[in-house]
Amino acid sequence: MTPVDAPDETLDCNVTDTALIWEGGGMRAAYSSGALTTMLAHDIHFAWVAGISAGSSCTCNYVSRDAARARRSFVELAAHPNFGDLKTFVRGQGLFNAEWIYEQTGLEGQALPFDYATFLANPAQVRIGALKARTGETVYWRKEDLQPLATLMRKVRASSTMPILMPMPEIDGELYVDGALGTSGGIALDAAQADGFERFFVVATRPRGFRHRQERKLKVYAQYYRNYPAVIEGMVDRWRHYNATLDELDDLEASGKAYVFRPVDMRIANGERRIDRLDAAFQAGRIQSAGEVCRWKEFLGL
């Protein structure tokens, strides 16, 4: 028996023994969205999908089978006047206008209408990771925790709340911040392992060999989050958690238990807003993934 029970023939998930994990990375997910487009074009449908931060948006776009929305989310949306700037930051809405980006654009008739019906109908299990600001607890929400649509979008926002740059949303009396400050450093390998998986397909947003260094602006974060020591601790430890997860993925790759799609031509940072640069990243991800898709299928047994 695989970690995810094999679906009925009427259900459309053809990868049941391997977990799909989307790394975060802000606007670097434009590159990931190119890979997402290739994945859907080749009918590669995982039965277990997880994401943290920008990876949570990729998770939602993937599970709703919406390649067009994936591109718009990390390319075209950056040109919208409501996307956020210094004015919204001063008003307390964030340098990235998080409430608008995550909680309003997905509604019907808005900039990024979300196909919630397909998301719910997809038999895939879902995990969205975030960090409780007061306690430092890492949480992974499941599909049943992501209903109705307003709840899904607010929890994706919580997962994606970059420290300082976005205000922390409150959910059921708890404040949340970016899941990248949690136990895995931003790659939900621990969630997949907790659910019994031994094989993993990871869409990363950093090139092979990358490792984080210790955060240099800890004094700034310590002052800003002085009432939330768990957030400060998350910032202090994030580089260790992230690098440990990458080291484990390297070992899993070497043993044939993981396939990590890593960008070979990542030329943008997490805060990139220039549409031409974002589109170039998307196209680079699409081209690279198209060149690798045969190896993907071989790894997945498709």
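Residues numbered from 1 in each chain as written. Predicted model: local features only at pLDDT ≥ 70, side-chain atom pairs only at ≥ 80, totals over all residues. Heavy atoms only, no water.

## A look at the nonpolar core
To keep it simple, the criterion reads: What is meant by a nonpolar core is a set of buried Ala, Val, Leu, Ile, Met, Phe, Trp, Tyr and Cys residues, joined one to another through side-chain atoms within 4.5 Å. Classification of residues uses two cut-offs on accessible area relative to the type maximum, computed with a 1.4 Å probe and protein chains only: under 20% is buried, over 50% is exposed, and between them is partly exposed. Only DSSP runs of H or I covering at least 4 residues are called helices, and only runs of E covering at least 2 are called strands; the numbering of each starts at the N terminus. Whether two residues are in contact is decided by their heavy atoms: any pair within 4.5 Å suffices.
By size, the foremost hydrophobic cluster in this structure holds 66 residues, and its most contacted members are Met 39, Phe 46, Tyr 62 and Phe 201. Top contributing element to this core by residue count: helix α11 (residues 275-300), with eight residues. Leaving out residues up to four positions away in the same chain, Met 39 has contacts with Leu 20, Trp 22, Ile 44, Phe 46, Tyr 62, Phe 201, Val 203 and Trp 296. One finds Leu 189, Phe 200, Leu 246 and Leu 252 within the second-largest nonpolar core, a separate group that totals 20 residues.

## Points about the packing of helix α1 (residues 29-41) against helix α2 (residues 54-63)
Convention followed: Axes, fitted as lines to C-alpha atoms, cover a helix only where it is in contact. Angles between the N-to-C directions of the axes lie from 0 to 180 degrees. When describing relative orientation, an angle under 35 degrees is termed roughly parallel and one over 145 degrees roughly antiparallel, while 65 to 115 degrees is termed roughly perpendicular and anything else oblique. Helix crossings get a hand from a simple test, with the near helix turned counterclockwise from the far one by less than a right angle marking a left-handed crossing and a clockwise turn marking a right-handed one. Charged residues are taken to be Asp, Glu, Lys and Arg, nonpolar residues to be Ala, Val, Leu, Ile, Met, Phe, Trp, Tyr, Cys and Pro, and polar residues to be all remaining types, Gly included.
α2 packs onto α1 with a crossing angle of 20 degrees between their chain directions and a minimal axis gap of 11 Å. Considering their axes alone, α1 and α2 lie roughly parallel with respect to each other. The element α1 and its partner α2 pack so that their crossing is right-handed. Contacts between α1 and α2 involve Ala 29, Ser 32, Ser 33, Leu 36, Met 39 and Leu 40 on the former and, on the latter, Ala 54, Cys 58, Asn 61 and Tyr 62. Of the residues assigned to the contact of α1 with α2, the class counts are seven nonpolar, three polar and no charged.

## Some remarks on the pattern of salt bridges
This is how it is decided: Within this document, salt bridges are pairs made up of a side-chain nitrogen of Lys or Arg and a carboxyl oxygen of Asp or Glu, the two lying within 4 Å of each other.
Following the criterion strictly, the structure yields 17 salt bridges and no others. Two residues, Asp 17 and Arg 199, come together in a salt bridge whose shortest N-O distance is 3.9 Å. Taken together, the positions of Asp 17 in the segment before β1 (19-22) and Arg 199 in the loop between α8 (189-194) and β7 (200-203) put the pair 182 residues apart, joining distant regions of the chain. Among the residues examined, Arg 199 registers a relative accessible area of 22% and is labelled partly exposed. Ionic pairing is found between Arg 267 and Asp 265, a salt bridge with its closest N-O pair at 2.7 Å.

## So, the packing of aromatic side chains
For the record, the criterion: Side-chain rings of Phe, Tyr and Trp (the six-membered ring for Trp) are treated as a pair once their centres are within 6.5 Å; stacked means planes under 30 degrees apart, edge-to-face means over 60, and tilted covers the remaining angles. The rule for a charge over a ring is simple: NZ of Lys or CZ of Arg within 6 Å of the ring centre, and within 35 degrees of the ring normal.
By the definition in use, this model includes 16 aromatic pairs. Relative to Tyr 225, the ring of Tyr 224 has its centre 4.9 Å away and its plane inclined at 70 degrees; by these criteria the two rings are edge-to-face. Taken together, the ring pairs in this structure connect Trp 22, Tyr 31, Phe 46, Tyr 62, Phe 201, Tyr 259, Phe 261, Trp 296 and Phe 299 into an aromatic cluster. The aromatic ring of Phe 210 is capped on one face by Arg 206, whose charged end is 4.1 Å from the ring centroid. Geometry around Phe 96 places Arg 273 over its ring, the cationic atom sitting 4.5 Å from the centre.

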